[in-house]
Amino acid sequence: MTAPSASELAALRLDRSTLLEVRDTFRARLEAVLSGADDEIAALPAWLPPPPPGLAGQALVVDAGGSNVRAAWVELPAGGGGLVRHAGPVHAELPRDVDAGGLFAFQAELAAELGPPPGLPVGYCFSYPSDCRPDGDAVLRRWTKGVAIPGVEGRPVGAPLRAALADRGLRPGPVRVLNDAVAALLAAAWTAGAESECVGLIVGTGSNMAAFLRRPPDREARAVNLESGNFRP
């Protein structure tokens, strides 16, 4: 491959009018999706409201996305003051040559290294296209990012992780599954305060956004994973 010429690079630059056109097109398509008239942008509901003022407590967090798995035992202290890490994060490369049981066992073993106390709620950041359910679990639509572990697509991912954690004697609390864009949105809202308007933005192997939106029949704003990488302006 040869490097692009100066003229080719100049042709790739976006001027202000083009950026505004992209913005307006994205807004129009998002409004069409929320009204049920389009499906280019998935707009998957995460069933999570903005974090309430004074939110505090400890949690076990597990993050699976791309090529790595991470885990940490963290706390949001009462009265604010920033995140407290009690243990971790620990991380390891996501295994590719396992079945569904092996995948969740691997993540549970990583979390067990932290020595968390029993009963902690589990935040499971699972960054592949999934349908979140009102009960907190999520069903994997399809693998992406080069991952193709059998026995996971079309099935819940939170319940088997909780079972794998229990098998290792961790006695986990409830599990809530969300993706990285929604996690970024919640972190921004917790940091900035309930009255702030926030967007969760992921720029890495791919890109994605999440926002608090009102989608019928909900009257309250809830986190929505836009899967905006599908947007083609």
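Residues numbered from 1 in each chain as written. Predicted model: local features only at pLDDT ≥ 70, side-chain atom pairs only at ≥ 80, totals over all residues. Heavy atoms only, no water.

**A word on the overall build of the protein**
Line of reasoning, step 1. Counting its secondary structure elements, the protein contains 5 helices and 11 strands.
Line of reasoning, step 2. Relative to the globule expectation of 17 Å for 233 residues, the C-alpha radius of gyration of the protein, 19 Å, shows essentially globular dimensions.
Line of reasoning, step 3. Here the C-alpha coordinates of the protein stretch approximately 60 × 45 × 35 Å along the principal axes.
Line of reasoning, step 4. The 233 residues of the protein split such that 39% are buried.
Line of reasoning, step 5. By sequence separation, contacts in the protein at least 24 residues apart represent 57% of the contacts at least 6 residues apart.
Line of reasoning, step 6. Counting only carbon and sulfur atoms, one obtains 54% of the accessible surface of the protein, whose full area is about 12800 Å². (Helix = DSSP H or I, 4+ residues; strand = E, 2+ residues; numbered from the N terminus. Rg over C-alpha atoms; globule rule 2.2 N^0.38 Å. Buried < 20%, exposed > 50% of the residue type's maximum accessible area, 1.4 Å probe, protein only. Contact = heavy atoms within 4.5 Å. Areas by Shrake-Rupley, 256 points an atom, 1.4 Å probe, with all protein chains shown as cover.)

**Some points on the pattern of salt bridges**
Line of reasoning, step 1. With the rule as written, the count across this model stands at 5 salt bridges.
Line of reasoning, step 2. Residue Asp131 pairs with Arg141 through a salt bridge whose shortest N-O separation is 3.0 Å. Taken as a pair, Asp131 in strand S6 (residues 130-132) and Arg141 in the loop between strand S7 (138-140) and helix H4 (158-167) lie far apart in primary sequence, 10 residues in all.
Line of reasoning, step 3. You can call Asp131 partly exposed: its relative accessible area is 29%.
Line of reasoning, step 4. Among the ionic pairs, Arg133 bridges to Asp135, the shortest N-O distance being 2.9 Å.
Line of reasoning, step 5. Overall, the relative accessible area of 31% leaves Arg133 in the partly exposed class. (Salt bridge = Lys/Arg side-chain N within 4 Å of Asp/Glu carboxyl O.)

**Brief notes about the pairing of strand S3 (residues 68-76)**
Line of reasoning, step 1. In the sheet, strand S2 (residues 57-65) pairs with S3 via 9 bridges, with the strands oriented antiparallel. Across the sheet, residue Ala59 finds its bridge partner in S3, namely Val74.
Line of reasoning, step 2. What sits between the antiparallel neighbours S2 and S3 is a turn of 2 residues, in which Gly66 has the positive phi angle 70°.
Line of reasoning, step 3. Relative to strand S4 (residues 84-93), S3 runs antiparallel, the two being bridged by 7 bridges. The residue of S4 that forms the bridge with Asn68 is Glu93. (Pairing = 2+ DSSP bridges.)

**Things to note about the sheet that holds strand S5 (residues 122-126)**
Line of reasoning, step 1. Strand order in this open sheet of 5 strands is S4-S3-S2-S5-S8, and the pairing throughout is mixed. Looking at strand neighbours, the two that pair on one side only are S4 and strand S8 (175-178), the edges of this open sheet. For this sheet, the mean angle separating the axes of adjacent strands, direction not counted, is 15°.
Line of reasoning, step 2. Sheet analysis places S2 next to S5, joined by 5 bridges and oriented parallel. Considered in S5, the bridge of Ala64 is made with Phe126.
Line of reasoning, step 3. Against the sheet, helix H3 (residues 100-112) makes contact with S2, S3, S4 and S5, and its axis sits at roughly 45° relative to S3, the strand it touches most. (Axes fitted to C-alpha atoms, helices over the stretch in contact; angles between N-to-C directions.)

**Side note on the state of the cysteines**
Line of reasoning, step 1. In this structure the tally under the stated criterion is 0 disulfides.
Line of reasoning, step 2. Of the cysteine sulfurs around Cys125, a residue in no disulfide, the closest is that of Cys132, at 10 Å.
Line of reasoning, step 3. Overall, Cys125 belongs to the buried group, its relative accessible area being 12%.
Line of reasoning, step 4. Counting only cysteine sulfurs, Cys125 is the nearest neighbor of Cys198, a cysteine outside any disulfide, at a range of 17 Å.
Line of reasoning, step 5. Taking the relative accessible area as the measure of exposure, Cys198 reaches 16% and is therefore buried. (Disulfide = S-S within 2.5 Å.)

**Here we look at the confidence of the model for the protein**
Line of reasoning, step 1. In the predicted model, the protein carries a mean pLDDT of 87, and 93% of its residues have values of at least 70.
Line of reasoning, step 2. No element of the protein has a lower mean pLDDT than helix H1 (residues 6-12), which averages 71, and none a higher one than H4, which averages 96. (pLDDT = per-residue confidence, 0-100.)

**What to know about the sheet that holds strand S1 (residues 44-45)**
Line of reasoning, step 1. The strand order across the open sheet formed by 4 strands is S1-S11-S10-S9, and the pairing between neighbours is antiparallel. In the strand order of this sheet, the two ends are held by S1 and strand S9 (199-203), each with one partner.
Line of reasoning, step 2. Summarising the sheet, S1 and strand S11 (residues 222-225) pair through 2 bridges and their orientation is antiparallel. Counterpart to Leu44 in the pairing with S11 is Asn225.

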